[in-house]
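Below are the chains, spelled out letter by letter.
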Amino acid sequence: MEIRDRIIELRRVKGSELVPNPRNFRKHPERQRSGLRTLVAKIGFAGAELVRILPDGGLMLIDGHLRADEFKNSVLPVLVTDLDEDEANALLATFDSLGGMAEIDVALYKELSSMVKNSFDEFEDVLEDIGDFYDVPLDEGAQPEAPEAQIDRADELLKVWQVERGQLWVIPSKSGKGVHRLLCGDSTNADDVARVMAGERADICFTSPPYNMGENAQTDGYLGKGNKSKYTSVNADNLDDNSYFDLLRMFTQNAINHCEYVFVNIQMLAKNKFVFIDYLHEFKKHVVDVAIWNKAQAQPALAENIFTSAFEFILCFTEDEFPSRAIRTAQFDRGMLRNVYESGNGSRNEFADMHAATFPVEFVSWGINNFSNKDSGVYDPFLGSGTTLVACEQTGRLGRGIELAEKYCAVILQRLADMGLQPELVS
Ligand SMILES: C[S@@+](CC[C@H](N)C(=O)[O-])C[C@H]1O[C@@H](n2cnc3c(N)ncnc32)[C@H](O)[C@@H]1O
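Scope of this entry: the structure provided in the associated data block. (Residues numbered from 1 in each chain as written. Predicted model: local features only at pLDDT ≥ 70, side-chain atom pairs only at ≥ 80, totals over all residues.)

**Some details on the overall build of the protein**
So, step 1. Of the regular secondary structure elements, the protein holds 12 helices and 14 strands.
So, step 2. Burial analysis of the protein (427 residues in total) assigns 37% to the buried set.
So, step 3. Long-range pairs, those at least 24 residues apart, make up 75% of the contacts in the protein with a sequence separation of at least 6. (Helix = DSSP H or I, 4+ residues; strand = E, 2+ residues; numbered from the N terminus. Buried ≥ 20, exposed ≤ 12 C-beta atoms within 10 Å, placed from the backbone. Contact = placed C-beta atoms within 7 Å.)

This is how it looks when you write it as structure tokens:
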């Protein structure tokens, strides 16, 4: 196939002389504009505007509106094409959009970004903005490495930390903003939640409750001595439907009472699917939105004729009835966050071997960075291996969390101690 070359010539034209395309549908937020200014100031123009010739000889933009607008008084390189209006429309609709569909190799992108940062200090903010756009935090290098949860040593760690039900631990954050709080308790219990929140209202709750996966789940249960609540029975992952519904209802109501927004990561499985739907129905007037966690690594279904579960829900609730989809605490610019969180390869933590519903740290950091203010607390009623507290420390938030099982609390305390933090037993 012969491919036509549609470029007639390269001209140099003042930005203000180029005619904006009335069908240009792209809008340019300030951080895109400031990124472009930084780039051009340092590197100069190393790309060209794309235009077609109008009947009166004017040059109408197809691509490069932002450059033309930002640099009205500069002379820009301009590629003049022989495209007609229909062809120009086709390019306008697809040119940038196709480019934006490219997927990224996270490791290569991080490596490239850090090379560029080393060469040019002034690109730091731009690269961080682009990292946000791709959901790839680039400042990880500055963070202490997130230590693995030592689940396999849970019994041993329990002897070290001597955790008992009802204990409240504080863990001073390296940010100097205050302390993280961990309660060995029951998040369906309003008093326990009030105790760990200590009168604060957090921007977000970010959590993953037990999925009630049933007897076959790879879990050793959540044993707590002297438990009063029926939800603290030996295996909270194998409750009857009524008890599981109550667990979801009570923890959610408690979280809504103490947080602006409650993000619940949950998967619909054979054993929980009816309760899951009842749960949505119960809180239907409080649903803000629903997003999806698209998992790069999905475990193939174990039985015949069943979808491989490659995504999980991220439900968002709030206290108001009939809330808008706008999330007041959102930290991202308009149009900058998709409602599909894509996890990279290797996004799992060791606790995943014990329970399929564990968080990769970067998933929680994604939620925290996008939906909570830097000075806000973040609440997790089902801490498990403590990923949310780790992510809070890394993102400069203060974490408040509850875990029922003493031995998992011990795992959490050790994990935080491995980050160089010093947990203190309060009461
Ligand atoms: C799905 S895991 C959470 C995993 C966690 N997101 C992580 O990254 O490790 C659920 C946890 O909730 C705990 N749990 C179950 N019922 C609870 C309750 N009523 N209150 C507090 N924690 C509870 C279990 O012991 C388990 O560790």
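**A look at the sheet that holds strand 14 (residues 424–425)**
So, step 1. Taken in spatial order, the 10 strands line up as 11-9-10-8-7-12-13-6-5-14 in an open sheet, and their pairing is mixed. The outermost strands of the open sheet, each flanked by one partner alone, are strand 11 (340–342) and strand 14.
So, step 2. As paired elements, strand 6 (residues 179–184) and strand 13 (residues 398–403) share four bridges and run parallel to each other. Its bridge partner lying in strand 13, Leu182 is registered against Gly401.
So, step 3. The strands touched by helix 11 (residues 387–395) within the sheet are strand 6, strand 7 (202–207), strand 12 (377–380) and strand 13, with strand 13 carrying the most contacts at an inclination of about 175 degrees. (Pairing = 2+ DSSP bridges. Axes fitted to C-alpha atoms, helices over the stretch in contact; angles between N-to-C directions.)

**Looking at the packing of helix 8 (residues 241–258) against helix 9 (residues 273–282)**
Packed helices, taken two at a time, are described by the angle their axes make and the gap between the axes.
So, step 1. Between helix 8 and helix 9, whose axes approach to 10 Å, the crossing angle comes to 40 degrees. In terms of orientation, helix 8 and helix 9 fall into the oblique class. In this structure, helix 8 meets helix 9 at a crossing whose hand is right-handed. Contacts between helix 8 and helix 9 pair Asp241, Tyr244, Phe245, Leu248 and Arg249 from the former with Phe274, Val275, Asp278, Tyr279 and Glu282 from the latter.
So, step 2. Residue composition of the contact of helix 8 with helix 9, grouped by class: six nonpolar, no polar and four charged. (Parallel < 35°, antiparallel > 145°, perpendicular 65-115°, else oblique. Left-handed = near helix turned anticlockwise from the far one by under 90°. Nonpolar A, V, L, I, M, F, W, Y, C, P; charged D, E, K, R; others polar.)

**Describing helix 9**
So, step 1. Within the span of helix 9, buried status applies to Val275, Phe276 and Tyr279. Within helix 9, the buried residues cover an arc of 105 degrees as seen down the axis, which keeps them to one side. Opposite the buried face of helix 9, at more than 90 degrees from it, the exposed residues are Lys273, Phe274, Ile277 and His281.
So, step 2. Elements that come into contact with the buried residues of helix 9 comprise helix 8 and strand 8 (259–266). (Arc of directions from axis to C-beta.)

**Some words on the sheet that holds strand 4 (residues 75–81)**
So, step 1. The four strands lie next to each other as 1-4-2-3, forming an open sheet whose pairing is mixed. Only two strands of the sheet have a single partner each, and these edge strands are strand 1 (7–14) and strand 3 (59–63). Between one strand axis and the next, the sheet turns by 40 degrees as a mean value, whatever way the strands run.
So, step 2. Pairing of strand 1 with strand 4, which is carried by seven bridges, proceeds in the antiparallel orientation. The residue bridging Leu10 from the neighbouring strand is Leu79, located in strand 4.
So, step 3. Running over the sheet, helix 3 (residues 85–100) touches strand 2 (49–53) and strand 3 and is turned about 35 degrees from strand 3.

**Comments concerning unusual backbone geometry**
So, step 1. Phi is positive for Ala198, close to 50 degrees, though the residue is something other than glycine.
So, step 2. Inspection of the secondary structure puts Ala198 in the loop between helix 7 (190–197) and strand 7.
So, step 3. Of note, the phi angle at Asn305 is positive, near 60 degrees, even though the residue is not glycine.
So, step 4. If you trace the backbone, Asn305 turns up in the loop between strand 9 (287–294) and strand 10 (311–318).

**Notes on the nonpolar core**
As a rule of thumb, soluble globular proteins bury nonpolar side chains together.
So, step 1. By size, the foremost hydrophobic cluster in this structure holds 70 residues, and its most contacted members are Ile204, Cys205, Phe263, Cys409, Ala410 and Ile412.
So, step 2. It is helix 12 (residues 406–417) that provides the largest number of residues to this core, a total of seven residues.
So, step 3. With residues up to four places along the chain from it excluded, the contact list for Cys409 reads Val163, Leu182, Cys184 and Glu403.
So, step 4. By size, the runner-up hydrophobic cluster in this structure holds 12 residues, among which are Val51, Leu61, Ala68 and Leu92. (Core = buried A, V, L, I, M, F, W, Y, C linked by C-beta atoms within 7 Å.)

**Some thoughts on the pairing of strand 12**
So, step 1. Side chains Gly377 and Tyr379 of strand 12 all project onto a buried face; the interleaved residues Val378 and Asp380 project onto the opposite face, where all are buried too.
So, step 2. Bridge count between strand 7 and strand 12: two bridges; the pairing is parallel. Residue pairing for strand 12: Ile204 is matched across the bridge by Val378.
So, step 3. Relative to strand 13, strand 12 runs parallel, the two being bridged by four bridges. Its bridge partner being in strand 13, Asp380 is matched across the sheet by Gly401.
So, step 4. Tracing the backbone out of strand 12, into helix 11 and back to the parallel element strand 13 gives a crossover that is right-handed. (Right-handed = clockwise from strand over helix to strand, strands pointing away.)

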